[in-house]
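Below are the chains, spelled out letter by letter.
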Amino acid sequence: MSNQVTDLNLGKGLAEMLRGGVIMDVMNVEQAKIAEQAGAVSVMALERIPSLLRSQGGVARMSDPKMIQEIMNAVTTPVMAKVRIGHFVEAQILEALGVDYIDESEVLTPADDANHIDKRKFKVPFVCGCTDLGEGLRRINEGASLIRTKGEAGTGDVVEAVRHMRQLIGEIRGLRNLDETELYAKAKELRAPFDLVQQTAREGRLPVPNFSAGGVATPADAALMMQLGAETVFVGSGIFADASPAEAEKRAKAIVKATAGFEDPRIVLEASTGLPQPMVGQSIGSIKKNDRLADRGW
Amino acid sequence: MVIGVLALQGCVEPHIEKLQGLGVGVKRIRKQENLQGLDGLILPGGESTTMAYLVRLFNLEKPLHELAKKIPFWGICAGSILMAKEVSRGWGTHQLSLGLVRANVERNSYGRQLESFRGRIDYSENDVNSNTEVILNVPFIRAPYFLSWDNGVEVQGICDGQPVSLKDGIHSITSFHPELCDSIFFHQKFVDLCTSMSGHGCASEHVY
């Protein structure tokens, strides 16, 4: 099908437009409208939010294009949707549908246990998850124009999001202490292309925007990730899990406010006050190693 | 010379880098208190619904309106939507009424992200046929159209026959992203305008 080479800079450009915002998982038109009204910069259309995928089990696949299309028709913000790791036909379907961004996501059940999608073959931009610098640079090399740290989706436990962001930022900081010669060995250790390692070392940041995902459930969590270096936060289950529409809207507005004002404790205080209970969630320690989503992807 | 960049959400840092490259002072604007001492203000690209919501949330609509009487504003993509007198298609609930440029701007007119592209801009002042500058490879990202404008509003930039840059008095709007292209041309133009208005052109390296 398409042999168009992706213009990485246009995908990166859209990611730049989403900075300082909140991208919300939504399961239907009603939720998409709530998200947009609450100031979301983008919505991720999926049939089951990660907390439901976790509790219901089974194989998780790309959502019904009909549901994604309805959401695209209902809101004016960019719409993202997820495909399984390595499932390039699901990606072809979403490109044909015309979504604005594809998330090649560990939240769904992987379709290929060795290869990710060759994202350079697509015109539509891709976001991918990572848990460390090497993984992030491998995804960028495959054509991802936006990286998000994975965290552990559907838990409402922010600890993995923090761990992955600290890992990524720490490794980038570490590159700055290496000279040119040492970067070759580092690239080998990271299993990442030398030119991307060199660029990251030179600029002190990833070659594409760096967002955070997986476990953000409160305004304080969102501000925490922003202060740690995230440029935008994905909130998956944290808004619509265990909530009525009115409660979800309050949570959504509060997280948007705290993300925009993340540097000012008074704003985060206002955003954190008088909210409905956050999602009950599940602490990472209670999840068996095999059930952890962040380990998916290579 | 200090230029502010509205930094509530969106594509802020590339503007800061361009402005620093020109040796002017730069200030990120997140609240009312930051609005003092500016010679110009950039309203960057981003999500217009989100930015409009945040401008309201942080009580910036009125102060911005007042400030616009004194210094030039430059709106890029979503920023042009915030500055337009009329907005067509899908504002949703968060309409702003800064009304700084007497034009009708239609959101997302080029289509979704798959229709984002890089284009050639033919730029000229006063008369579209004289002294045209050509700037290549300028990104348009889910860009708006400028559908119509009042008498006295000047069309300065054209791409594929579409007007993409308008100037109304001291304020201007562009539907493309000059901060994401290699050229410094458009930022230089804005700095020159702010310098001519402020009457003191001394460059400051200071970043707030």
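What you are looking at is a predicted structure, and each value in this text was computed from that prediction instead of being measured.

(A) Seen up close, the interface of chain B and chain A. Facing 36 residues of chain B, the contacting portion of chain A comprises 39 residues. Summed over both partners, the interface of chain B with chain A comes to about 2800 Å²; 55% of that surface belongs to carbon and sulfur atoms. For the chain B face of the interface with chain A, the top three residues by lost area are B:Arg112, B:Gln113 and B:Leu114, together amounting to 24%. Between chain B and chain A we count five salt bridges in total. The closest approach of N and O atoms between B:Lys31 and A:Asp264, which form a salt bridge, is 3.1 Å. Looking at the side of chain B that touches chain A, the elements with two or more residues in it are helix 1 (13-21), helix 2 (48-57), strand 7 (117-123) and strand 8 (133-140) of chain B. Examining the composition of the side of chain B that touches chain A, we find that five residues originate from one element, helix 2 of chain B, more than from any other. For the side of chain B that touches chain A, the residue count by class is 13 nonpolar, 13 polar and ten charged.

(B) Spotlight on the packing of helix 12 (residues 245-260) of chain A against helix 13 (residues 265-272) of chain A. Residue and element names in this part refer to chain A. At their nearest, the axes of helix 12 and helix 13 sit 8 Å apart, and the two run at 175 degrees to each other. Put simply, helix 12 runs roughly antiparallel to helix 13. Only Ile-267, Val-268, Glu-270 and Ala-271 of helix 13 make contact with helix 12, whose side of the interface consists of Ala-254, Lys-257 and Ala-258.

(C) Summary view of the pairing of strand 1 (residues 2-6) of chain B. Residue and element names in this part refer to chain B. Counting buried residues along strand 1, five of its five residues qualify, which places the element largely inside the surrounding structure. Here strand 1 shows no split at all, with Val-2, Gly-4 and Leu-6 on one side and Ile-3 and Val-5 on the other all buried. Considered for its hand, the β-α-β crossover made up of strand 1, helix 1 and strand 2 (residues 25-29) is right-handed.

(D) Region of interest: the sheet that holds strand 10 (residues 154-159) of chain B. All names here are of chain B. Pairing is mixed in the open sheet, where nine strands are placed in the order 2-1-3-4-12-11-10-7-8. Two strands lie at the open edges of the sheet, namely strand 2 and strand 8, each paired on one side alone. Neighbour-to-neighbour, the strand axes of this sheet turn through a mean angle of 25 degrees, independent of strand direction. Bridge count for strand 1 against strand 2 is five bridges, and the pairing is parallel. Bridge pairing links Ile-3 to Val-26 in strand 2. Its contacts with the sheet place helix 1 against strand 1, strand 2, strand 3 (40-43) and strand 4 (73-76), and it is angled at close to 165 degrees to strand 2. Here helix 5 (residues 185-198) sits on the sheet in contact with strand 1, strand 3, strand 4, strand 7, strand 8 and strand 11 (162-168), set at roughly 145 degrees to strand 3.

Basis of the calculations
Residues numbered from 1 in each chain as written. Chains lettered and ligands numbered in written order. Predicted model: local features only at pLDDT ≥ 70, side-chain atom pairs only at ≥ 80, totals over all residues. Heavy atoms only, no water. Contact = heavy atoms within 4.5 Å. Buried area = accessible area lost by both parts, 1.4 Å probe. Salt bridge = Lys/Arg side-chain N within 4 Å of Asp/Glu carboxyl O. Helix = DSSP H or I, 4+ residues; strand = E, 2+ residues; numbered from the N terminus. Nonpolar A, V, L, I, M, F, W, Y, C, P; charged D, E, K, R; others polar. Axes fitted to C-alpha atoms, helices over the stretch in contact; angles between N-to-C directions. Parallel < 35°, antiparallel > 145°, perpendicular 65-115°, else oblique. Buried < 20%, exposed > 50% of the residue type's maximum accessible area, 1.4 Å probe, protein only. Right-handed = clockwise from strand over helix to strand, strands pointing away. Pairing = 2+ DSSP bridges.

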